[in-house]
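Reading the structure
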Amino acid sequence: MHIRTLRHVDYRVQGALKAVTAAVSVATAILLWPRLLAAPSMQALAMVDESLPCEVAERREAEMRAQQSEALLAGFFTHIPDALFIVRAGAEGPVFETVNPAFCRLFGMERAALEGLVPAALLEAEAAAEFTAEFAACLARREKRDFETTVSAGEAQGGGTRHWHTLLVPLPGPEDEAPRLLGSLRDVTELRRLQAELVETARRATIGAMCAGVAHEMSQPLNIIGLWAERARAAIEAGGAAPRRAVEVVLAQTKRLAALLDRMRELARDAPSGAESFDAVATAAATVELARRSWQLEGLEVSLELPGTSFLPVHGREAQLEQALLHLLENARDAVLRRRAQDPAAPARITVSLTAGAEPGRAVIAVRDTGGGVPAAIAPSILEPFVTSKDPGQGTGLGLPIAAGLLRAMGGRLAWTNWAEGLPEAGAVFRLILPLAGSSGRTA
Amino acid sequence: MPLRVLMAEDEDLAAEVLQEVLEDAGFEVLLAPDGQAALELAAAGAGFDVLLTDLRMPRLDGRELILRLRAERPSLPVVVMTGFAPPEGPERLHDGSGPLRLLTKPIDLSGLVSALRAVAHEG
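Structural notes, computed from the coordinates.

Conventions used here
Note that residues are indexed from 1 along each chain, following the sequence as it is written. Key to labels: chains lettered from A, ligands numbered from 1, both in the order written. Given that the model is predicted, a residue must reach a pLDDT of at least 70 before its local features are reported, and side-chain atom pairs must reach 80 or more before they are shown or counted; all residues, however, enter totals for whole chains, interfaces and linings. The basis for the side-chain values is all heavy atoms of the structure; hydrogens and waters are excluded. A run of H or I in DSSP counts as a helix once it spans at least four residues, and a run of E counts as a strand once it spans at least two, with each numbered from the N terminus. Buried, partly exposed and exposed residues are distinguished by accessible area as a fraction of the type maximum, computed with a 1.4 Å probe on protein chains only: under 20%, between the cut-offs, and over 50%, respectively. In this analysis, two residues are considered to be in contact whenever any of their non-hydrogen atoms come within 4.5 Å of each other. Each accessible area is a Shrake-Rupley estimate made with a 1.4 Å probe; only the visible protein chains count as cover when residues are assessed. We treat two strands as partners when DSSP finds at least two bridges between them. For helices, the fitted line uses only the C-alpha atoms of the stretch in contact; every axis is such a line through C-alpha atoms, and the angle between N-to-C directions lies from 0 to 180 degrees. Accessible area that two parts lose when put together, evaluated with a 1.4 Å probe and summed over both, is termed the buried area. Each reported salt bridge corresponds to a side-chain nitrogen of Lys or Arg within 4 Å of a carboxyl oxygen of Asp or Glu. Polar contacts here mean pairs of N or O atoms no more than 3.5 Å apart (in protein, one a potential hydrogen donor and the other a potential acceptor; neighbouring residues in sequence count only if both atoms are side-chain atoms). Under this grouping Gly is polar, as are all residues other than the nonpolar Ala, Val, Leu, Ile, Met, Phe, Trp, Tyr, Cys and Pro and the charged Asp, Glu, Lys and Arg. Every helix has an expected span of 1.5 Å times one less than the residues it contains. Bend, at a single residue, is the angle you get between axes fitted to the 7 residues ending at that residue and the 7 residues starting at it. The patches reported here contain residues having more than 30% relative accessible area and no salt bridge. Joining distances are 9 Å for like charges and 5 Å for nonpolar side chains (Val, Leu, Ile, Met, Phe, Trp, Tyr). Note on aromatic pairs: the rings of Phe, Tyr and Trp (six-membered ring only in Trp) are paired at centre separations within 6.5 Å, and the planes decide the class, stacked below 30 degrees, edge-to-face beyond 60, tilted for the rest. By the criterion adopted, a ring carries a charge over it if an Arg CZ or a Lys NZ lies within 6 Å of its centre and within 35 degrees of its normal. For classification, angles of less than 35 degrees are called roughly parallel, those exceeding 145 degrees roughly antiparallel, those between 65 and 115 degrees roughly perpendicular, and all remaining angles oblique. Crossing handedness is read from the near helix: turned anticlockwise from the far helix by less than a right angle, it gives a left-handed crossing, and turned clockwise, a right-handed one.

On a plain count of helices and strands, chain A comes out with 11 helices and 12 strands. Looking at chain A as a whole, 35% of its 444 residues qualify as buried. Across chain A, contacts joining residues at least 24 apart in sequence account for 59% of those joining residues at least 6 apart. Split by element, the accessible area of chain A, about 26,200 Å² in all, is 58% carbon and sulfur.

Right, here's the structure in full:
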């Protein structure tokens, strides 16, 4: 073939096509080579080969663990003695979706019959309404609800009036599904019965202690009246006149008994009405002045520390605050005098101080003494009637409970603590805590 | 010789009339205003045949006074006057030795005189 043949148009077309093909091949090679170079090495492939079974094993283990914990939860759900249930929001309120065997036992029904029921089908109208309201509140606030219901129980629940404690907790779940709550229902009837029994036992013990205290306090004046009257009768029978002294002793002891009765009446009095706003600074100043005047011969130092303000409006009854403060002052005086009788060098100081705002909405009147403090043996019951560290005949043990009662009636309270223990000025601080006028927290 | 009574009583007005009555009845009375004072009188060598004591008294109560005096004189006759009988009964006051009578306030004066004579006789 002649060389010119190659210049024929057909060969030119073929040549051009081959050139294009070659150029594309070269370009592809340029593009692919880096990728080829970056591809995993054989070593890497071998590692992947090895780790793949591990990954599969791990996944299987995780699945197994999930199954186990699900089984564990299911076990709890099935075997726990509390009645558990899952309740969901239905079109017309809560619907019991799942219940556990304890729940079935409580209602004496099969699980299939219980699931899908609404509260009204299971509970009395009032209890069902309460349950529905608590369910709504739990959903709205997304927080735990805790409430107790009294139901007239059927045979399955042991009959009679039962007390049920119910707990509702929101369950996490997808947004597009009806929200669910997990609930528990526990019959606390027996617990409440035992608690009531304990309260009754404590009440009887208090009444017993009170009777013993009253008997002791009354027996002394009664004894003296009896002895002197008997003596007077013997004198009359012997032909003499009634000794004047016997009559005076009998009258004085009768007054002593009457004063004891007054204090007991005060203790038993109900909460007074007619509370008003008044200035605690003026009341405290007047009461402290009264005490200071009465005890001026006893060598006691009674001082008053006032707050920055000269007016401290509190809510209550002024006469009763005066009385409560006077009881505390008398208590402090007795402690200080008793200590001084044993240790003449002991300081004999009573300090009354007023503060506001240490507790929000409250004013505090503190009575601090140097009487050595409340003995540990009677500390737990110091505010109970007839509990006293004083010698027989020196105190009835009614002052502190009366003060506490007066403060409670005003929406306040009485608190105390020992202070400066081990130091010469050791003593007790009693705090009258009162609502400030205009504050909302009047129930302490 | 008259019976000598050591009387521990912290109520002055009761002690006063008791002393008068007992002295009228022929007793000789040693008066102590509380248990501690009674113990000190005994320790100082005061002679007495019977102890008459209140239970609740300052400084040293009647129960402790009886125990301490009977540690020295196990057969000491005792009459106790109390406003509130101890719930465990008079047995707790007995230490198994001397005679003891428990009188509850208000005290009957003729009962007191015969109780003192009776325990003194038993002792």
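Structure shown, so let's carry the discussion forward.
Before going further, it helps to spend a moment on the sheet that holds strand β2 (residues 93-99) of chain A. Residue and element names in this part refer to chain A. Judged by pairing direction, the sheet is antiparallel, and its five strands sit side by side in the order β2-β1-β5-β4-β3 without closing on themselves. Each edge of the sheet is formed by a strand with only one pairing partner; in this case those strands are β2 and β3 (145-152). Strand-to-strand twist across the sheet, computed as the mean angle between neighbouring axes with direction ignored, equals 35°. Across six bridges, the pairing between strand β1 (residues 83-90) and β2 is antiparallel. When the bridges of β2 are listed, Ala-89 appears paired with Pro-94. In this fold helix α6 (residues 125-141) packs onto β1, β2, β3, β4 (161-171) and β5 (180-187), with an angle of close to 170° to the strand it touches most, β3.

Looking now at the sheet that holds strand β5 (residues 100-104) of chain B. All names here are of chain B. The strand order across the open sheet built from five strands is β2-β1-β3-β4-β5, with neighbouring strands paired in parallel fashion. Each edge of the sheet is formed by a strand with only one pairing partner; in this case those strands are β2 (28-32) and β5. Each strand axis lies, on average, 20° off the axis of its neighbour in the sheet, ignoring direction. Where strand β1 (residues 4-8) and β2 come together, five bridges link them in parallel fashion.

The interface of chain B with chain A comprises 23 residues on the first partner and 18 residues on the second. Summed over both partners, the interface of chain B with chain A buries about 1,900 Å², with 58% contributed by carbon and sulfur atoms. Here Glu-11 of chain B makes a salt bridge to Arg-256 of chain A, at a shortest N to O gap of 2.9 Å. Across the chain B-chain A interface, the total number found is eight residue pairs in polar contact (both at pLDDT 80 or more). Secondary structure elements with two or more residues in the side of chain B that touches chain A: α1 (12-24) and α4 (109-122) of chain B. The element that contributes the greatest number of residues to the side of chain B that touches chain A is α1 of chain B, accounting for eight residues. Classifying every residue of the side of chain B that touches chain A by side-chain character gives 11 nonpolar, two polar and 10 charged.

Moving on to helix α2 (residues 42-79) of chain A. One turn of an α-helix holds 3.6 residues; hence residues three or four places apart share an orientation. Taking 1.5 Å of rise per residue, the 38 residues of α2 of chain A would be expected to cover 56 Å, and the 55 Å separating its terminal C-alpha atoms lies within 8% of that figure. By the largest-angle criterion, Ser-51 of chain A marks the main kink of α2 of chain A, which is about 25°, and a proline, Pro-53 of chain A, follows within four residues.

Time to look at a nonpolar patch on the surface. On the surface, Val-9, Val-13 and Leu-17 of chain A cluster together into a nonpolar patch covering about 280 Å² of accessible area. Of note, Val-13 of chain A is situated in helix α1 (residues 9-38).

The next subject is the packing of aromatic side chains. Scanning the model with the defined rule gives nine aromatic pairs over all chains in all. Pairing Phe-131 of chain A with Phe-147 of chain A gives two aromatic rings, centres 6.5 Å apart and planes at 70°, and the pair type is edge-to-face. With Phe-131 of chain A in helix α6 and Phe-147 of chain A in strand β3, this pair connects stretches of sequence that are 16 residues apart. Phe-131 of chain A sits in the buried class, given a relative accessible area of 3%. Residue class for Phe-147 of chain A comes out buried when judged on its relative accessible area of 6%. Among the aromatic residues, those joined into a cluster by ring pairs are Phe-85, Phe-96, Phe-103, Phe-107, Phe-131, Phe-147 and Trp-164 of chain A. The lysine or arginine in question, Arg-368 of chain A, covers the ring of Trp-419 of chain A, its NZ or CZ lying 4.7 Å from the ring centre. Here the guanidinium or amino end of Arg-73 of chain B rests over the ring plane of Phe-48 of chain B, the centre of that ring lying 4.9 Å away.

Let us look at the environment of Pro-101 of chain A. All names here are of chain A. For Pro-101, the position within the fold is in helix α3 (residues 101-107). The class for Pro-101 is partly exposed, based on a relative accessible area of 26%. Not counting the four nearest positions on each side in its chain, Pro-101 is found in contact with Phe-77 and Thr-78.

Let us look at the packing of helix α2 (residues 35-43) of chain B against helix α3 (residues 62-72) of chain B. All names here are of chain B. It is the contact of α2 with α3, at a shortest axis distance of 9 Å, that shows an interaxial angle of 15°. It follows from the interaxial angle that α2 and α3 lie roughly parallel. Crossing angle aside, the handedness with which α2 passes α3 is right-handed. From α2, Gly-35, Ala-38, Leu-39 and Ala-42 reach across to α3, where they touch Leu-65, Arg-68 and Leu-69. Its residues assigned to classes, the contact of α2 with α3 shows five nonpolar, one polar and one charged.

Quick look at the pattern of salt bridges now. The final tally for this structure, using the stated rule, is 22 salt bridges over all chains. A salt bridge links Arg-180 of chain A to Glu-177 of chain A; its shortest N-O distance comes to 3.2 Å. Overall, the relative accessible area of 40% leaves Glu-177 of chain A in the partly exposed class. Between Arg-4 of chain B and Asp-49 of chain B there is a salt bridge, and its shortest N-O distance comes to 3.5 Å. Of this pair, Arg-4 of chain B sits in strand β1 while Asp-49 of chain B is found in the loop between α2 and β3 (50-54), placing the two residues 45 residues apart along the sequence. Residue class for Arg-4 of chain B comes out partly exposed when judged on its relative accessible area of 23%.

So, on to the pairing of strand β9 (residues 349-356) of chain A. All names here are of chain A. As defined by bridge partners, strand β7 (residues 301-305) adjoins β9 across five bridges and the pair is classed as parallel. Directly across from Glu-301, in β9, lies its bridge partner Arg-349. One ladder, built from seven bridges, connects β9 with strand β10 (residues 362-369); its direction is antiparallel. In the strand pairing of β10, Thr-355 is matched with Val-364.

A word on the packing of α1 of chain B against α4 of chain B. Residue and element names in this part refer to chain B. Interaxial distance between α1 and α4 falls to 11 Å at its minimum, and their mutual angle equals 60°. The angle between α1 and α4 falls in the class oblique. Like other packed secondary-structure pairs, α1 and α4 cross with a definite hand, here right-handed. Contact residues: α1 offers Leu-18, Val-21 and Leu-22, while α4 offers Leu-109, Leu-112, Val-113 and Leu-116. Taken together, the residues of the contact of α1 with α4 sort by class into seven nonpolar, no polar and no charged.

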